[in-house]
Amino acid sequence: MTYKTIDQRVEPILRAMEERGIQLNSAYLRGLADEFQTALADLEEQIYDSVGHRFLISSPKQLQQVLYHNLKLTSPKFGLRRTKTGTSTAHSELNKLRAAHPVVELVLKWREKAKLLSTYLLPLPELVGEDGKLHTHFRQDTHTGRLSSSRPNLQNIPVKGEDGTRIRTAFVAGPGNVLISA
């Protein structure tokens, strides 16, 4: 019943939304990307200074070596999860170590900025069409009625925090339009 009364009626609206697209301030995102790259370089230097040497921060194996062998942050009181390759460096596990050593907070900040840079700031401007708009694809879950987007996935842009807000600022309503987020 809901397929014919709701889902089927929403489909042409979603297609129209895809075709129309959303205006994106690519120049703003490129400037933000430059800023993030500078911040990442600063965080990297702070991380290296904190542990006394350089290593590949994005490498779980090297991060394990630094945190759990060099700095010896493996006390049972932390309750860290183990993987096949050793103690986990997942976000949830590093959260348990935030107060144990200043480098942990720096690594978490570095990871967040690096993720936003590689997922949104660098690729989004490249996906803008000749019309200056981003044309995502909308999908409607027929079981829940929820919408999702892909190519690119826009619903996962962080809502919380200053960085997510700054990225969302790049999405703008064209003249005579209003941008709604729900």
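Right above here is the structure, for reference.
Here's what I pulled together on the structure shown here.

### Examining the layout of surface pockets
Leftover empty space is mapped by rolling, across the atoms, a probe with the size of a water molecule.
At step 1: Considered as a void within the structure, the largest pocket measures approximately 1000 Å³ in volume.
At step 2: Met17, Ile22, Phe138, Leu179 and Ile180 are, among the 29 residues lining the largest pocket, the residues nearest its centre.
At step 3: Looking at the lining of the largest pocket, the elements that each hand over two or more residues are helix H1 (2-20), strand E1 (22-24), strand E4 (133-134), strand E6 (147-150) and strand E7 (171-172).
At step 4: Among the elements that take part in the lining of the largest pocket, H1 stands out by supplying 4 residues, more than any other.

### Structural notes on the pattern of salt bridges
At step 1: For the structure on display, the rule yields 8 salt bridges.
At step 2: Salt bridges sharing partners connect three or more residues here, namely Glu11, Arg15 and Glu18.

### What about the sheet that holds E7?
At step 1: With antiparallel pairing, the 3 strands of this open sheet are ordered in space as E4-E1-E7. A strand with exactly one partner marks an edge of an open sheet, and here the two such strands are E4 and E7.
At step 2: In this structure, E1 lies alongside E4, joined through 2 bridges in antiparallel fashion. Each residue of the ladder has a partner; that of glutamine 23, found in E4, is lysine 133.

### Things to note about the packing of helix H2 (residues 26-51) against helix H5 (residues 102-121)
At step 1: Between H2 and H5, whose axes approach to 9 Å, the crossing angle comes to 155 degrees. Regarding the angle of H2 to H5, the classification is roughly antiparallel. Our pair here, H2 against H5, has a crossing hand that is left-handed.
At step 2: For the contact of H2 with H5, the class distribution of residues is 18 nonpolar, 3 polar and 3 charged.

Criteria and thresholds
Residues numbered from 1 in each chain as written. Predicted model: local features only at pLDDT ≥ 70, side-chain atom pairs only at ≥ 80, totals over all residues. Heavy atoms only, no water. 1 Å grid on protein atoms, 1.4 Å probe; cavity = no way out; pocket = protein on both sides within 12 Å on 5 of 7 lines; lining within 4 Å. Points joined across faces, edges and corners; volume = space filled by probe spheres on them. Helix = DSSP H or I, 4+ residues; strand = E, 2+ residues; numbered from the N terminus. Salt bridge = Lys/Arg side-chain N within 4 Å of Asp/Glu carboxyl O. Pairing = 2+ DSSP bridges. Axes fitted to C-alpha atoms, helices over the stretch in contact; angles between N-to-C directions. Parallel < 35°, antiparallel > 145°, perpendicular 65-115°, else oblique. Left-handed = near helix turned anticlockwise from the far one by under 90°. Nonpolar A, V, L, I, M, F, W, Y, C, P; charged D, E, K, R; others polar.

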